[in-house]
Amino acid sequence: MWDFPAVQAQKKRVVRIAYPLQSGLTQIEENGKKSGYTYEYLQEIAQYTGWEYEFVIGSNSDDDLLALMDQVAEGTIDLMGGMMYSESMKAKYDYSAYSYGMVETVLQVSAEDTRDIVIDSRIDQDLTVAIHENSVARKNEFLEFCEINKVNPRLVYYNDDQNVLELLQNKAADAVLKTSADRVEGLRTIARFAPKPYYFIASKKDTSGLIKELNYALQNIEQSDPYFSTRLEEKYFGNLTNRLVLSDSEKAYIDKTQSVRVGYLRDYPPLEFEDQGQPAGIAVDYLRSISEKTGLTFEFVPADSTAQLDQMAAAGEVEMIAGMTYDYDLAQKRNLGMTRVYLNSQFVAVLNKRIDETNLSGKVMALSENSGLVDGEDTALTHVCASMQDCVESVYEGQADYTIADGYAAQYYLNQPKYNNLRLIPLTAQTHEICFGVANRGNQELLTLLNKVILSTSDEETQSLIYKNTVFHHTMTLTDFIRENSLTAVTLISAVGLLIILVLAYAGHQRSKMNREISLELEKHLQVYQLVNDLFFEFDIKTQKLMIFDPAAKAAGESAQMRELPHTDFRYAKIRQEVARLLETESGGKTIRDLALSDPQQQPHWFRIAMQTITDASGRCVYVIGRLNNIDEQVKEKERLRLKAERDSLTHILNAEASRKQVEAELAVLRSEQTGALILLDIDHFKEVNDNYGHWAGDQVLGQVAQLLQEVFSGEIVGRPGGDEFLVYLRQSEAENVRIRCEELRRRVQDIRLSATDRLSVSAGCAYAKAGCLFETLYQQADKALYQAKARGRNQIVYPR
């Protein structure tokens, strides 16, 4: 009936994978999507091998793990991951030639524990440690670690993660012994030791070359992307919480420290500068945020140059530097310690409009003395300035052709109407990482405290500080006017007699000119955002105007600029509604929501809206800024994955879990006058089909039976609980209709030929459902009827009496 070789040549290889539910390694999320370190590694392997996977799911219990390993040894499962190497297992399994991850034994404490538990091999230390009752190897590793580090352990035993959390919370144990692959929220690591690689294993019975293909893929992944496993490690086993918890020693340090003196530059906006004699800027606001979170106070000390800052740090006049480039060589040269990076920016070139950006060879570059780059540049082509503002000013006046600036600094200056003859060119290959400098490189307490706060600070908090210090509205001053319109000013002064006429004439001219300047200012103001396709908006609470910037308009040939969103736009009402919802909350703040909108053609679309309130110095909310991006593709992909998770990978009908849930949902709404019917059926002598014709032929039989079920019972619930067993649920069906459709199925199944002499047959059992019936009860009734059909000789269907 089938041409087996031809069909096999077209099929991709389906590899059966043992999938014990282990958090972080092989897990299933609430939406039914599989994820985890091993799962993602398998998907990357499939990019090189073309494999498709069938996952055999089990629990994380010892019994299930051993059962899965036995199936691997027998060859009914092809691969299993997360396995350590041992000589005893080597005799039973084939290991991959390359490991795909590393696991360590770790000592962890509660994230809420503020005690300073530090392993110090110079002193004897008593420690009560919780250990799993079956972890013999881990226990031996820990005892060896204790002997090396002078730890006197007292062991208490647990049998599940909930039990160990209670031990830590009740102080019955100081720490718990686990592996780095265990994902348990609420724990933090204080020691790591005994690293071990883990591998994939396969059956020694396999002769298909599977392990060779696997080794080839693992080798290519390592060579093409050496950091792939590192990224997965951070994604699935990194810090599970960003919540800030200070230790007792850190609190003691804050209590004893009256204030930390911080050196900052007077004129390096928007990072650090003086505003009306007071310290301001992103770095200053970041430190004020740290002060609010920890209680540590900062005293700001101004300086005119980087050299002066270094002198102050060396003399002990300041303990910190507000901002420095994250560079180890530079830090060593300046004798400063570095915190973690708290701000990332892109370098940009600021050019005079008359300069051709495609060729900067032979052009003069303005360079700030504080940049640290003056000594390495060609002095003939370098214009040295005292500050970044002087660099921008020299490019504006034509003394230099261009300068290189931090993206935020460039945006800060170009927001000013004065610099209307300048433009920005992004330098995508260069980024600027900024951190705090610590004057005493051995000051571990301050460095640790600052790093902990930086790592717990969200991107939204940082972005809010950036926006506050880089985006602001300018008012045209008389000085700006005179600078931009000198001829007009001279004419006004000299033509006193024609003052009224000139004023009237100038009013129209000025309005046109201001419109052009505002348009130019907005263009410069929004250049930074033109690299993305999201729609940005700004709502002015005072004027009730909703302004938008849509980069996608430029791609469509329109002008990508800040403009007022018309009331007729289909997005207007929804954005105003979400802004009102945010402002109605007690604290305002920020929000992220997914919205469903219909366009003018009544086509539905999904959008994600993110908003943040901006307050003035008095704490009054004055603006709401936000971003709106289309997530249609994400929603469609999520729905596709949901449907895929419900389907049996072989027959493409509902799997066991999905079919059960759908039947339970139907039973829940079944009324007293209605009836349903559940049919369970098995393929007769299916094992002999596999034995005589091969597993591939067996899979084809399962697919054909599934297709017949969908044709005969069209519109009903059809699923495959497992193996050669199928399930059908008929909604509101009369007994005679059930019999007619079941007998039609039985006859059509007999038309499937296995050979010239062998035909296929099925046995089935039927049970009727009434209001209030439970799935388990109905399933047992149908299963009992199925058993009777088999006992009576198979190839028949047993109905309720």
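Look up: the structure comes first, before these words.
Residues numbered from 1 in each chain as written. Predicted model: local features only at pLDDT ≥ 70, side-chain atom pairs only at ≥ 80, totals over all residues. Heavy atoms only, no water.

Q: Looking at this structure, I do not really get the packing of helix 9 (residues 248-256) against helix 15 (residues 444-456). What am I missing?
A: Pairs of packed helices are described in terms of their axes, by the angle between the two and the distance that separates them. The interhelical angle for the contact between helix 9 and helix 15, taken along N-to-C directions, is 110°, at an axis separation of 10 Å. Judged on the interaxial angle alone, helix 15 and helix 9 are roughly perpendicular. Along this stretch, helix 9 crosses helix 15, giving a crossing that reads as left-handed. Of the residues in helix 15, those touching helix 9 at Glu-250, Tyr-253, Ile-254 and Lys-256 are Glu-445, Leu-446, Thr-448, Leu-449 and Lys-452. Class assignment of the residues belonging to the contact of helix 9 with helix 15 gives a composition of four nonpolar, one polar and four charged. (Axes fitted to C-alpha atoms, helices over the stretch in contact; angles between N-to-C directions. Helix = DSSP H or I, 4+ residues; strand = E, 2+ residues; numbered from the N terminus. Parallel < 35°, antiparallel > 145°, perpendicular 65-115°, else oblique. Left-handed = near helix turned anticlockwise from the far one by under 90°. Contact = heavy atoms within 4.5 Å. Nonpolar A, V, L, I, M, F, W, Y, C, P; charged D, E, K, R; others polar.)

Q: What am I meant to see in a nonpolar patch on the surface here?
A: Side chains of Leu-499, Ile-500, Val-503 and Leu-504 sit close together on the surface and give an oily, nonpolar patch of about 420 Å² of accessible area. In this structure, Leu-504 sits in helix 19 (residues 499-525). Leu-504 gets classed as exposed once you look at its relative accessible area, which sits at 63%. (Patch = residues over 30% accessible without salt bridge, like charges linked within 9 Å, V, L, I, M, F, W, Y side chains within 5 Å. Areas by Shrake-Rupley, 256 points an atom, 1.4 Å probe, with all protein chains shown as cover. Salt bridge = Lys/Arg side-chain N within 4 Å of Asp/Glu carboxyl O. Buried < 20%, exposed > 50% of the residue type's maximum accessible area, 1.4 Å probe, protein only.)

Q: Help me out: how do you make sense of the environment of Asp-304 in this one?
A: Mapped onto the fold, Asp-304 is located in the loop between strand 16 (298-303) and helix 11 (306-314). Take Asp-304: its relative accessible area is 52%, and that puts it in the exposed class.

Q: Would you explain helix 24 (residues 686-693) in this entry?
A: In an α-helix, one turn spans 3.6 residues, which is why side chains three or four residues apart end up on the same side. Taken as a whole, helix 24 has its buried residues at Phe-686, Val-689 and Asn-690. For helix 24, the buried positions fall inside an angular range of 95° around the axis, keeping them on one side. Along helix 24, the residues that are exposed and aim more than 90 degrees away from the buried face are Lys-687, Asp-691 and Asn-692. For helix 24, the secondary structure elements touched by its buried residues are strand 30 (676-683) and helix 25 (695-712). (Arc of directions from axis to C-beta.)

Q: I'm lost on the pairing of strand 25 (residues 545-549) in this one. Help?
A: On a regular strand, one side chain projects to one face of the sheet and the next to the other, so that they alternate. Sheet analysis places strand 24 (residues 535-540) next to strand 25, joined by five bridges and oriented antiparallel. From the neighbouring strand, Glu-538 faces strand 25, where its bridge partner is Met-547. Linkage of strand 24 to strand 25, two consecutive antiparallel strands, is achieved through a turn of four residues, within which Gln-544 is found at a positive phi near 60°. (Pairing = 2+ DSSP bridges.)

Q: What's the story with empty space enclosed by the protein in this structure? I'm lost.
A: Rolling a probe over the atoms, with the probe sized like a water molecule, indicates the empty space that remains. In this structure the tally under the stated criterion is two cavities of 30 Å³ or more. Volume-wise, the largest cavity comes out at about 50 Å³. Among the secondary structure elements, those contributing two or more residues to the lining of the largest cavity are helix 14 (407-414) and strand 23 (422-438). Of the voids in this model, the second largest cavity is the one considered here, and its volume is about 40 Å³. Forming the boundary of the second largest cavity are Ala-18, Pro-20, Gln-22, Thr-26, Thr-38, Gly-81 and Gly-82. (1 Å grid on protein atoms, 1.4 Å probe; cavity = no way out; pocket = protein on both sides within 12 Å on 5 of 7 lines; lining within 4 Å. Points joined across faces, edges and corners; volume = space filled by probe spheres on them.)

Q: When you look at the sheet that holds strand 30 in this model, what are you seeing that I'm missing?
A: Sheets are built from strands paired through backbone hydrogen bonds, the pairs being either parallel or antiparallel. Taken in spatial order, the five strands line up as 31-32-30-33-34 in an open sheet, and their pairing is mixed. The open sheet is flanked by strand 31 (717-722) and strand 34 (797-798), the only strands paired with a single partner. In terms of strand pairing, strand 30 meets strand 33 (residues 762-769) through eight bridges, oriented antiparallel. Within strand 33, the residue paired with Asp-682 across the bridge is Ser-763. Relative to the sheet, helix 23 (residues 656-668) contacts strand 31, strand 32 (725-730) and strand 33, its axis offset from that of strand 31 by approximately 135°. Packed on one face of the sheet, helix 27 (residues 775-791) meets strand 30, strand 32, strand 33 and strand 34 and runs near 145° to strand 33.

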